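The lines below spell out each chain.
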Amino acid sequence: MHKRVFLILIAVVIAANILHGFVAALVFRKRKDRAGDNRLSYEEIKRRRKALNSLAICGICFLLPYRVREFFVLTLHFLINSMKAKLLLLVNLLSSLLEKTTALLVYFIGLPMAIFCEKLMSKDTKFVENSVEQSDVTKRY
Amino acid sequence: MKERTDQSGTELPAETRPEKILCLYSGGSDSTLAALMAANLADTVYLVTYERFGLFASKRSTNNLLRLRKRFPNTQFIHMIVNFEKEYRRIAYSSFWSDRLKFGFIPLSVCGLCKLGMHWKTITLCRNHDVHVVYDGATKATEIFPAQNYTIMIEGLKRLYREHDIAYETPVYNLDTQKELFKEKLIPSDRIKGTAKDIQPLCSQQLLFVRFVDYYLSKHSFDKYVSDLKRYYDVKIDQLRELLINA
């Protein structure tokens, strides 16, 4: 059941994104990039989506009276900026955790293992050097 | 009066040196450099930080002020935090529907209107404190903002100030303000804008301006943006002119 809800949610998000991109591409179809080109690319769709979001915000603010508009923009500011900041902080935290874990793993497991292997290899080499198989007699055949 | 030199190090004649300069001061690197240049010239520097709904933490502007005071112990810095809510509201909303019908989304370029409200208050302050020179930290790097663009607003503002016997100057317009401040050892690095070291008041309403610019420049060229906004701000400056006469 939960799995199905989750899949439906993902499908809705994907459909909304496609619709958003489609509407943005349509509304700003006459838009040209700096090179004077209006062909669609992923970057261009992203730019058009941003412009569509801006158009929506401007459209709402266009009609709102003074205090309501100030509150609306203030709420939007904190929603966008604090969420962005929180996400960035989360990414930073995760990357630093990952970095430290890797360093710890390398220091406490990787390094002793490497030293141990090196020692083992040198013992093996000595063994091989002194073994009968590697003697001059066996080498010939 | 002190022995003063201009930015190039040339000694200025006594009669051209103002005793008092009022500086629009946010505490950022642009306005701090403007304040530094004002302190090089005048004995008294009024630093005015504005606040209204949506503009937070005005007290953050004092960070660089302490450094300025240390650097110029003989200059009197008078820091004022002034509320201009009434002025902004009057400018931005006095002709709500007619502006919107005539100019479309352009009245959403709130940063220009906000600055116009500040200029209204500044002219009033200059009258009250008998100040005849105003310094603004406008720079070319941010000319997308109406108040930092010569064509859109600065030329009109200069005329308006002149009518009130005030010289409106933008002394740091063509300078790399961060580099200059770093040279003067007032900031820890020559690139602090947008970093945690760039301590100045916060504005939530700027989001609307950013969205307006995003939308407008996705449809029109920068030249059209400038010419359209100039048309609007010429009307708004005329409105301010009338308001100042009636005040």
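See the structure above.
All residue numbers refer to positions counted from 1 along the written sequence of the respective chain. To label them, take the chains in the order written and letter them from A, then take the ligands in the order written and number them from 1. Where local features are concerned, this predicted model is filtered to residues with pLDDT of at least 70; where side-chain atom pairs are given and counted, the filter is 80 or more; whole-chain, interface and lining totals use all residues. To get the side-chain values, all heavy atoms of the structure are used, and hydrogens and water are removed first.

*Asks:* I'm lost on unusual backbone geometry in this one. Help?
*Replies:* For residues other than glycine, phi is negative in most cases, and the peptide bonds are mostly trans. Residues and elements named next belong to chain B. Notably, Asp-130 is not glycine yet its phi reads approximately 55°, a positive angle. Secondary structure elements are taken from DSSP: a helix is a run of H or I of four residues or more, a strand is a run of E of two residues or more, and numbering for both begins at the N terminus. Among the structural elements, Asp-130 can be located in the loop between helix H5 (110-129) and strand S5 (133-136). Positioned with a positive phi, Asp-165 is a non-glycine residue whose angle comes to about 60°. Relative to the helices and strands, Asp-165 is located in the loop between helix H6 (150-163) and strand S6 (167-169). Residue Asp-165 is classed as exposed on the basis of its relative accessible area of 54%. Partly exposed residues are those whose accessible area sits between 20% and 50% of the maximum for their type, while under 20% is buried and over 50% is exposed, using a 1.4 Å probe and protein chains only.

*Asks:* Looking at this structure, I do not really get the pattern of salt bridges. What am I missing?
*Replies:* Side-chain pairs of opposite charge can arise where the charged atoms are in close proximity. A side-chain nitrogen of Lys or Arg and a carboxyl oxygen of Asp or Glu constitute a salt bridge if their distance falls within 4 Å. Taken as a whole and judged by the stated rule, the model has 17 salt bridges over all chains. For Glu-85 of chain B, the salt bridge identified is with Arg-67 of chain A, shortest N-O distance 3.9 Å. In this pair, Glu-85 of chain B sits in helix H3 (residues 85-93) while Arg-67 of chain A sits in helix H3 (residues 66-130), so the two residues belong to two different chains. Under the relative-accessibility criterion, Arg-67 of chain A is labelled partly exposed at 33%. When the shortest N-O distance is used, the salt bridge between Arg-52 of chain B and Glu-70 of chain A registers 2.7 Å. Of the two residues, Arg-52 of chain B sits in the loop between strand S2 (44-51) and strand S3 (55-56) while Glu-70 of chain A sits in helix H3, which places them in two different chains. Like Glu-70 of chain A, Arg-52 of chain B is buried. Taken together, the shared-partner salt bridges in this structure form one network comprising Glu-44, Arg-47 and Arg-48 of chain A.

*Asks:* I would appreciate a short explanation of the interface of chain A and chain B in the present structure.
*Replies:* A common way to report how large an interface is uses the accessible area buried once the components associate. We call two residues in contact whenever any of their non-hydrogen atoms come within 4.5 Å of each other. Across the boundary between the two partners, chain A contributes 26 residues, which contact 26 residues of chain B. Buried area counts how much accessible surface, traced with a 1.4 Å probe, disappears from two parts once they are put together, with both parts' losses summed. Interface area for chain A against chain B, summed over the two sides, is near 2500 Å², with a carbon-plus-sulfur share of 68%. If you sort the residues of chain A by the area they bury against chain B, Phe-62, Tyr-66 and Arg-69 of chain A come out on top, with a joint share of 30%. Inspection of the chain A/chain B interface yields three salt bridges. For Lys-50 of chain A, the salt bridge identified is with Asp-214 of chain B, shortest N-O distance 3.8 Å. Secondary-structure elements contributing two or more residues to the side of chain A that touches chain B are helix H2 (42-63) and H3 of chain A.

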